[in-house]
Amino acid sequence: MGLLVGFDLDGTLVDSRPQILAAFAAVAAETGTRIDPAVVGGRMGLKLEDELGHWFAPADVAAAAAAYRRHYRELATRTAPLPGALAALAAVKAAGGDTAIVTAKHASTVGACLDAAGVAADTVVSYVHGPEKAAVLRRLGAVAYVGDTPPDMAAAVTAGAVGVGVATGSFTEVELRAAGAQVTLAALGGFAACLAVLGAPRQS
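To keep things clear, this report deals only with the structure shown in the data block. (Residues numbered from 1 in each chain as written. Predicted model: local features only at pLDDT ≥ 70, side-chain atom pairs only at ≥ 80, totals over all residues. Heavy atoms only, no water.)

Side note on the overall build of the chain
Scanning the chain for helices and strands turns up 10 helices and eight strands. On C-alpha atoms alone, the chain measures out to a radius of gyration of 16 Å, which is about the 17 Å that the 2.2 N^0.38 rule sets for 204 residues. Projected onto its principal axes, the C-alpha positions of the chain cover 50 × 30 × 30 Å. Counting across all 204 residues of the chain, residues that qualify as buried make up 49%. In the chain, once contacts between residues fewer than 6 apart in sequence are set aside, the share between residues at least 24 apart is 60%. As displayed, the chain has an accessible area near 8500 Å², and 59% of this comes from carbon and sulfur atoms. (Helix = DSSP H or I, 4+ residues; strand = E, 2+ residues; numbered from the N terminus. Rg over C-alpha atoms; globule rule 2.2 N^0.38 Å. Buried < 20%, exposed > 50% of the residue type's maximum accessible area, 1.4 Å probe, protein only. Contact = heavy atoms within 4.5 Å. Areas by Shrake-Rupley, 256 points an atom, 1.4 Å probe, with all protein chains shown as cover.)

Pasting the structure below:
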């Protein structure tokens, strides 16, 4: 089976935290709703509507999501790749493999983020989180999934892929290992060295 490596986006390949939190702050100001950025930051990786459900009544979530995406598309032009991200994607290609970005970010905003950061992959699957990511990874035949959150690592485990946790988001290497990561990195700069591990056959 060929080498296909999946990557999360926010907090893994790109440093989008400032733009995400700024968009939430804009929504809070526009709607007069209190949104705690520290809490949002600690849960980053959720689908937008799921996060907004913690702050808005169900009937107001759709409008809040539309407002968020309006603000975020303008802010996304400032998105930068995280250190080692472009090299990690290139390393997979150099090894004869393919890359997939599997993210909870919505299709209406993911393109702006990728373009600004100069990040590209063979496949991009958006608006999936948790078990949904696992289903996508299994369908794609991913041998590994690289991410920065415990749900990312749980998705890798469920999909029978190697979980590679990078501590560039809100979680430590210890927390990522506890969630199922088989490999942990402080940042993606060390990713190329672990490609031999990722080339192992998928678990059934």
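Focus on the nonpolar core
V5, F7, L13, F191 and L198 are the most contacted members of the largest nonpolar core, which totals 50 residues. Top contributing element to this core by residue count: helix α4 (residues 61–75), with seven residues. Contact partners of L198, with chain neighbours within four places excluded, come to L3, V5, V143, A144, V162, V164 and F191. (Core = buried A, V, L, I, M, F, W, Y, C linked by side-chain atoms within 4.5 Å.)

Re the pairing of strand β6 (residues 144–147)
Neither face of β6 is open: one carries A144 and V146, the other Y145 and G147, and all of them are buried. Note that strand β1 (residues 4–7) and β6 share three bridges and pair parallel. What sits directly across from V5, in β6, is A144. In terms of strand pairing, β6 meets strand β7 (residues 162–166) through four bridges, oriented parallel. When the bridges of β7 are listed, A144 appears paired with V162. (Pairing = 2+ DSSP bridges.)

Things to note about the sheet that holds β6
With parallel pairing, the six strands of this open sheet are ordered in space as β5-β4-β1-β6-β7-β8. Each end of this open sheet is capped by a strand with a single partner; those strands are β5 (123–125) and β8 (183–185). Ignoring which end each strand starts from, the neighbouring axes of this sheet average 20° apart. Strands β1 and β4 (98–102) of the sheet are contacted by helix α5 (residues 85–94), whose axis makes an angle of about 140° with β4. (Axes fitted to C-alpha atoms, helices over the stretch in contact; angles between N-to-C directions.)

Focus on the packing of aromatic side chains
Evaluation of the coordinates by the stated rule reveals three aromatic pairs. With a centroid separation of 4.9 Å and an interplanar angle of 55°, the aromatic rings of F24 and Y68 are classed as tilted. With F24 in helix α1 (residues 17–31) and Y68 in helix α4, this pair connects stretches of sequence that are 44 residues apart. Y68 carries the same exposure label as F24, and that label is buried. (Phe/Tyr/Trp six-rings, centres within 6.5 Å; stacked < 30°, edge-to-face > 60°.)

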